[in-house]
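Chain and residue survey
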Amino acid sequence: MLMKYQPDPDPQKMREAIQHQLQSQIKSAQAAGQTGIRAVIIAAPQSNTNWKADEFHDALVRLLTSVKTSPPDRQPILLLAADHLARRLPSVMTNDKSQAGHWPEWRAQLAKLGVTYEESAMSPDENPWIYTGNLLRRVWTDYGETDWGERAFLMLLSQGWDTSVECAAGTDQFRQVIQQGLPFMEKHAKSPYQLDVQLAVAQAYETWWSLSLAPMPSQAPTAEEDSEPVIYRQYQEGAEAARQQSIARYEQLLQTTPPSDQAAYARRELPRLKLGFDTGQRRFYCTVTD
């Protein structure tokens, strides 16, 4: 679907390619010391990586319009592929400036198809526009009972349930991760993504507790380093309960799947949590740096 002159590849091959790509990225993230999926890229294979902006835009539009006429079981696959293209489009335009004048027109067109962009003053690129993740939320909302919907859920959760620009949804992502993750674990008990969701929820509780601790003098940032230090007192209410919840969920990972990577991570975190030592967890605390 994403390859020029090949508008409709075999859906089974497309599914297998996306599955392979997902697993490869998980392994790469784990090898780099990351836990869970922070940001997963999903796309069909592409034979030509040197896209022109207009070709890339046209491919995205074709994907979005084809969703309307595709069978229901293919729609979430196409939407996830479109989500990837939508995320990449601004960087493609940065590399190919020949179509810059069409960007306002393209944004308006894509907005009607469910894809919106916001401008970021912090973007290092010449094109400061950032995709807001509409399609990812749509896959979870409309196809939440499918494997693709559950994947979209995990991708959203791994982003702190925040696809906005520059932490516009707030710094405390851990609250949404807990609020969204707990019902998922209960309603999707047999999901293949249970372990990743359990880990994310445990880290969210750990983030809450860590934020509540007063920094050691040697850890306190100077005004030059950080003009907006964490106000730890605002996180103290419920913080001890959050620590206990984090411990319980890490222990559950150890009990249910001892050989897993998620359990290995839990094994590292538990000693400090149980002793009440700050782990410095900040996975689900959003900050913007210059």
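Structure first, text after, so check above.
Residues numbered from 1 in each chain as written. Predicted model: local features only at pLDDT ≥ 70, side-chain atom pairs only at ≥ 80, totals over all residues. Heavy atoms only, no water.

Attention now goes to the overall build of the protein chain. In terms of helices and strands, the protein chain carries ten helices and two strands. The linear arrangement of helices and strands in the protein chain, starting from the amino end, is α-α-α-α-β-β-α-α-α-α-α-α. Within the protein chain, the proportion of its 290 residues that are buried is 47%. Long-range pairs, those at least 24 residues apart, make up 68% of the contacts in the protein chain with a sequence separation of at least 6. Total accessible area computed for the protein chain in this model is approximately 15100 Å², and 51% of it derives from carbon and sulfur atoms. (Helix = DSSP H or I, 4+ residues; strand = E, 2+ residues; numbered from the N terminus. Buried < 20%, exposed > 50% of the residue type's maximum accessible area, 1.4 Å probe, protein only. Contact = heavy atoms within 4.5 Å. Areas by Shrake-Rupley, 256 points an atom, 1.4 Å probe, with all protein chains shown as cover.)

Summed over the entire model, instances satisfying the criterion amount to eleven aromatic pairs. Between Trp 103 and Tyr 117, the ring centres sit 5.1 Å apart and the planes meet at 65°, which makes this aromatic pair edge-to-face. Highlighted residues: Trp 103 in helix α4 (residues 103-112) and Tyr 117 in strand β1 (residues 117-119), separated in sequence by 14 residues. Judged by relative accessible area, Trp 103 falls into the buried class, the value being 5%. The class of Tyr 117 is buried, set by a relative accessible area of 9%. Chaining the aromatic ring pairs together yields one cluster made of Trp 103, Tyr 117, Trp 129 and Tyr 131. Cation over ring: Arg 107 sits above Trp 129, and NZ or CZ is 3.8 Å from the ring centre. The ring of Trp 208 has Arg 175 lying over it, and the distance from NZ or CZ to the ring centre is 5.3 Å. (Phe/Tyr/Trp six-rings, centres within 6.5 Å; stacked < 30°, edge-to-face > 60°. Lys NZ or Arg CZ within 6 Å of the ring centre and 35° of its normal.)

Moving on, we get to α4. Those residues of α4 not exposed but buried are Trp 103, Trp 106 and Leu 110. End-on view of α4: buried residues confined to an arc of 60°, all on one side of the axis. Opposite the buried face of α4, at more than 90 degrees from it, the exposed residues are Glu 105 and Lys 112. Buried positions along α4 lie against α2 (53-67), α3 (75-95), β1 and β2 (129-131). Count one or two residues on from α4 and you reach Gly 114, which has phi positive near 95°. (Arc of directions from axis to C-beta.)

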